[in-house]
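Understanding the architecture of this molecule
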Amino acid sequence: MLHELPLGDDTRIFPVPVVIDDAEYRAVVQAGLVQRARALQQLFTDLALGPQKILTAGIGLDRGVLDEILAAEGTSLEGLRKLWRGRGREEVRFVYGPDLVRDPEGRWTVLEDNVGCVAGSADSFFVADRYRSATQLPGCSTCQGPPDLAIAIMRWLHRLGSDLDDSVAGVLGCDASGESPWALRLHENARRRMILDTLGIPVIERGQLLGRQIAGGGRSRVLVNFSVDQSWSDVFGIPGIKMLNAPGTGVLGNKAFLPCIDDAIRFYACEEPILPTPPTRLLTAGVLPADKENWVIKSAVGCQGTEVFVLRWQPQDRLRLLEDRVSKEWCGAAAVAQRYVEPSHLAPAGPNSWNDYRVEIRPVTYVLDWRDVYVSEQAVGKTVSTYDARRLNNISQGACYVPVLREPCSHCGTER
């Protein structure tokens with residue numbers, strides 16, 4: 001069941017799971033993501049609705065850097081504030097897909113913050129379901145319960161006081177498939193649709209929204225959408241509309257924010273980050289770090305693992321190309337250098353085997369209301385062989401999903 005199209009497309013599932021202590025998952029991973037997601041929500045609220053206090057906090061995020069970030073995302077501070085005029089902080093909602101690794105000292109750290117149509121929001125459930133079916137893993141009705149995406153949507157609708165009637169609709173986002181006919185075919189949208197179908201939420205095309213609003217006599221709509229780009233501003237302008245992914249919040253996934261997120265947590269929450277970011281800095285000088293072998297270069301707007309370069313693995317000719325790009329195109333806030341973190345490994349054949357696999361996990365997180373954050377009970381992992389020439393832990397580039405189990409199960413006490 002796991003070796004031949006387990007999800008019906010090109011998605012692959014690794015047959016060996018990642019096992020995490022349940023108490024650690026709750027006290028570190030979930031608590032840390034609640035803290036980080038709230039800080040991201042507060043950062044956006046401060047910029048789009050508030051007095052932009054963060055810009056004078058002395059953490060390296062000033063107006064000049066912010067302007068570069070927003071320009072790269074196709075907007076400006078003025079445009080963002082215009083889009084959000086008349087809105088409230090409780091409307092700053094988004095789906096958040098952080099990438100976490102455990103470093104050689106056993107500490108969890110966040111490599112990237114992804115916002116909007118994040119991979120894993122549906123697949124976390126289907127990967128775990130296929131693995132349990134294939135292995136006949138025991139469990140209870142809670143740990144084998146509904147998808148986290150369904151739980152988050154119902155929790156949000158309950159907070160809104162909305163019933164599942166014709167005022168609720170879903171609009172799918174992007175699939176992580178390339179345009180090439182040889183690219184991997186990953187159809188998570190089909191699995192998102194399956195979850196919405198079980199909830200009785202119809203999926204419509206974006207172009208139908210304005211027509212349905214008019215036909216409904218101006219009734220407010222509740223929209224379960226999986227995209228956050230600026231083109232949604234016309235829909236966001238419909239009076240009374242509620243959106244799961246609020247337009248504009250996708251800027252929070254820009255990697256040029258990474259150097260300041262830990263300090264943003266300290267600024268807004270007056271707490272130390274539970275899940276820190278590896279040392280990350282803007283390439284303002286237009287040059288690569290001197291100790292190249294210790295750094296990863298990332299385009300600030302890259303997605304699906306594109307434009308990420310682990311410098312220690314690059315041949316000299318590619319390093320020269322990167323140096324040229326950094327000096328001419330990626331200076332300022334266009335790219336970041338992040339200290340390389342060697343993640344934990346899976347070794348299916350034992351600790352001394354010749355081949356093992358680097359692992360990261362993604363516990364998809366839902367920011368549903370002001371400071372109301374739901375972190376998935378079922379995380380999903382990604383893994384790639386240490387001998388893979390690409391060495392990028394991204395599903396669209398050939399990495400495998402890996403099931404994530406917690407031991408013991410906090411619901412039924414099952415030992416894995």
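It should be emphasised that the depicted structure is a prediction, and the values quoted were computed from it without experimental measurement.

This paragraph deals with the nonpolar core. Proteins that are soluble and globular tend to have nonpolar side chains buried together. With 68 residues, the main nonpolar core has Leu43, Ile54, Leu61, Trp84 and Phe257 as its most contacted residues. The element that contributes the greatest number of residues to this core is helix H1 (residues 22-48), accounting for eleven residues. Setting aside its immediate chain neighbours within four residues, Leu61 contacts Leu43, Ile54, Leu55, Leu66, Ile69, Phe257 and Cys260. Listed in part, the 38 residues of the second largest apolar core include Leu137, Phe226, Leu244 and Val384.

This brings us to the pattern of salt bridges. Should the charged atoms of two oppositely charged side chains come close, the side chains can pair. A full pass over the atoms with the stated rule returns 30 salt bridges. The residue Arg36 makes a salt bridge to Asp262 at a minimum N-O spacing of 3.6 Å. Taken as a pair, Arg36 in helix H1 and Asp262 in helix H9 (residues 258-269) lie far apart in primary sequence, 226 residues in all. An identical accessibility class is assigned to Arg36 and Asp262; each is buried. Members of the salt-bridge network, linked through shared partners, are Asp22, Arg26, Glu377 and Arg406.

This part is about the packing of aromatic side chains. Aromatic rings in a pair are described by how distant their centres are and how their planes are angled relative to each other. All chains considered together, the criterion is met by eight aromatic pairs. With centroids separated by 5.6 Å and ring planes inclined at 75°, the aromatic side chains of Trp313 and Tyr340 adopt a geometry described as edge-to-face. Taken as a pair, Trp313 in the loop between strand S10 (308-310) and helix H10 (316-328) and Tyr340 in the loop between strand S11 (332-339) and strand S12 (345-346) lie far apart in primary sequence, 27 residues in all. Clustering of aromatic rings is evident, with ring pairs tying together Phe44, Trp84 and Phe236. Directly above the aromatic system of Trp330 lies the positively charged group of Arg325, at a separation of 5.0 Å from the ring centroid.

Analysis parameters
Within each chain, residues carry numbers counting from 1 in the order of the written sequence. The model is predicted, so local features are restricted to residues of pLDDT at least 70 and side-chain atom pairs to those at 80 or more, both for listing and for counting; the totals for chains, interfaces and linings are taken over all residues. To get the side-chain values, all heavy atoms of the structure are used, and hydrogens and water are removed first. The set of buried Ala, Val, Leu, Ile, Met, Phe, Trp, Tyr and Cys residues whose side-chain atoms join them within 4.5 Å is what this entry labels a nonpolar core. For the exposure calls, accessible area comes from a 1.4 Å probe over protein chains only, and a residue counts as buried if that area is under 20% of its type's maximum, exposed if over 50%, partly exposed in between. To qualify as a helix, a DSSP run of H or I must reach at least 4 residues; to qualify as a strand, a run of E must reach at least 2; elements of each kind are numbered from the N terminus. Between two residues, a contact is recorded if the distance between any of their heavy atoms is within 4.5 Å. Throughout this description, the term salt bridge denotes a Lys or Arg side-chain nitrogen within 4 Å of a carboxyl oxygen of Asp or Glu. Note on aromatic pairs: the rings of Phe, Tyr and Trp (six-membered ring only in Trp) are paired at centre separations within 6.5 Å, and the planes decide the class, stacked below 30 degrees, edge-to-face beyond 60, tilted for the rest. A ring has a charge above it when a Lys NZ or an Arg CZ is no more than 6 Å from the ring centre and no more than 35 degrees off the ring normal.

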